[in-house]
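Chain and residue survey
Below are the chains, spelled out letter by letter.
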Amino acid sequence: MRGRKPIPRAATLAATPLEALPRCPAHLSAAARREWRRLATPLHEAGLLTLADRAALAAYCQAYGRWVEAEQKLATTPMLLKAPSGYVQQSPWLAVSNKQMELMGRYMTELGLTPAARSRVPRMEPGTAAEAVTQIRLLAVYRDADGILREEPMYDAREPETPQPGQTITYELDADL
């Protein structure tokens, strides 16, 4: 993809909103589950965690869990090892750690978990997710003979002002408008 990445927006996947916090996937390691519990609630409350984002958050958490494991192994083993051939090489745990940090950085950007990514996310009050549109009102906007801007609802007096769910109302516009 060329150019800047699109700005993450709350509730852009309105067709898949989550009423409740998604469950932590069972396949995650213990450290990954702890990271899930730490991040899922704030992301959900900010309106940034949708059903489509569950896999991305799980992948980030798993990369975090593997990074933690690699760092724990690095704390107990040397950074450089002597191979049977006599050459000195870096610990395989260092490569694992570096790769997981790289993956974590990518997912953090996508999920809005870095300062730069958060600056691109629109501010919302905690606990206020964008609401789905439940009603569309049509207004006729015109200037009257005195030049005053008027707005009037566009509905036929025979029809109810608020349509019932599933009801369709058709309006025909005059070609002279």
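Residues numbered from 1 in each chain as written. Predicted model: local features only at pLDDT ≥ 70, side-chain atom pairs only at ≥ 80, totals over all residues. Heavy atoms only, no water.

1. Some points on the overall build of the protein chain
Our working definition: Only DSSP runs of H or I reaching four residues or more are called helices, and only runs of E reaching two or more are called strands; each is numbered from the N terminus. Type-normalised accessible area, obtained with a 1.4 Å probe on protein chains alone, sets the label of each residue: buried when under 20%, exposed when over 50%, and partly exposed for intermediate values. Two residues form a contact once any of their heavy atoms are found within 4.5 Å. For the accessible areas, the method is Shrake-Rupley and the probe is 1.4 Å, while residue cover comes only from the protein chains on display.
When helices and strands are tallied, the protein chain shows four helices and four strands. Secondary structure elements in the protein chain, listed N-terminal to C-terminal, are α-α-β-β-α-α-β-β. Within the span of the protein chain, comprising 177 residues, buried residues form 21% of the whole. Excluding contacts between residues fewer than 6 apart, the proportion of contacts in the protein chain whose partners are at least 24 apart in sequence is 52%. Element-wise, carbon and sulfur atoms account for 55% of the exposed surface of the protein chain, whose accessible area totals about 13,300 Å².

2. Brief notes about the packing of helix H1 (residues 30-45) against helix H2 (residues 54-76)
Note the cut-off: Fitted lines through C-alpha atoms give the axes, limited to the stretch in contact for helices. The angle between two N-to-C directions lies from 0 to 180 degrees. Every angle not falling under 35 degrees, over 145, or within 65 to 115 is termed oblique; those three ranges are roughly parallel, roughly antiparallel and roughly perpendicular. By convention the crossing between two helices is left-handed if the near helix lies anticlockwise of the far one by an angle smaller than a right angle, and right-handed if it lies clockwise. Side-chain classes are defined by residue name, with Ala, Val, Leu, Ile, Met, Phe, Trp, Tyr, Cys and Pro counting as nonpolar, Asp, Glu, Lys and Arg as charged, and the others, Gly among them, as polar.
The contact between H1 and H2 brings their axes to 8 Å, and the two run at 140 degrees. Comparing the axis directions of H1 and H2 gives the class oblique. Handedness of the H1/H2 crossing: right-handed. The residues of H2 that touch H1, namely those facing Ala-31, Ala-32, Glu-35, Trp-36, Arg-38, Leu-39, Ala-40 and Leu-43, are Arg-54, Leu-57, Ala-58, Tyr-60, Cys-61, Gln-62, Tyr-64, Gly-65 and Val-68. Looking at the contact of H1 with H2 residue by residue, the class counts come to 12 nonpolar, two polar and three charged.

3. Quick look at the packing of aromatic side chains
Where we set the bar: Pairing of aromatic rings covers Phe, Tyr and the six-membered ring of Trp, with a centre-to-centre limit of 6.5 Å; geometry is then stacked below 30 degrees between planes, edge-to-face above 60, and tilted otherwise.
Evaluation of the coordinates by the stated rule reveals two aromatic pairs. Connected via pairs of aromatic rings, a cluster forms that spans Tyr-60, Tyr-64 and Trp-67.

4. Some words on the packing of H2 against helix H3 (residues 92-111)
The interhelical angle for the contact between H2 and H3, taken along N-to-C directions, is 150 degrees, at an axis separation of 8 Å. In terms of axis orientation, H2 runs roughly antiparallel to H3. Helix-helix and strand crossings are classified by hand; for H2 and H3 the assignment is left-handed. Class assignment for the residues of the contact of H2 with H3 results in 18 nonpolar, two polar and four charged.

5. Looking at H2
Going by this rule: Multiplying one less than the number of residues by 1.5 Å gives the expected span of a helix.
For H2, built from 23 residues, the straight-helix expectation of 33 Å at 1.5 Å per residue is met to within 8% by its first-to-last C-alpha distance of 34 Å. Looking at H2, one finds that the buried residues are Leu-57, Ala-58, Tyr-60, Cys-61, Gln-62, Ala-63, Gly-65, Val-68, Ala-70 and Leu-74. Along its buried surface, H2 packs onto H1 and H3.

6. Here we look at the environment of Met-108
Within the element layout of this structure, Met-108 appears in helix H3. Excluding residues that lie within four positions of it along the chain, Met-108 makes contacts with Tyr-60, Leu-113, Thr-114 and Ala-117.

7. Here we look at the confidence of the model for the protein chain
Formally: pLDDT measures the predictor's confidence residue by residue and takes values from 0 up to 100.
Averaged over all residues, the pLDDT of the protein chain is 78; the fraction at 70 or higher stands at 67%. Ranking the helices and strands of the protein chain by mean pLDDT puts H2 first, with 94, and strand E3 (residues 139-143) last, with 74.

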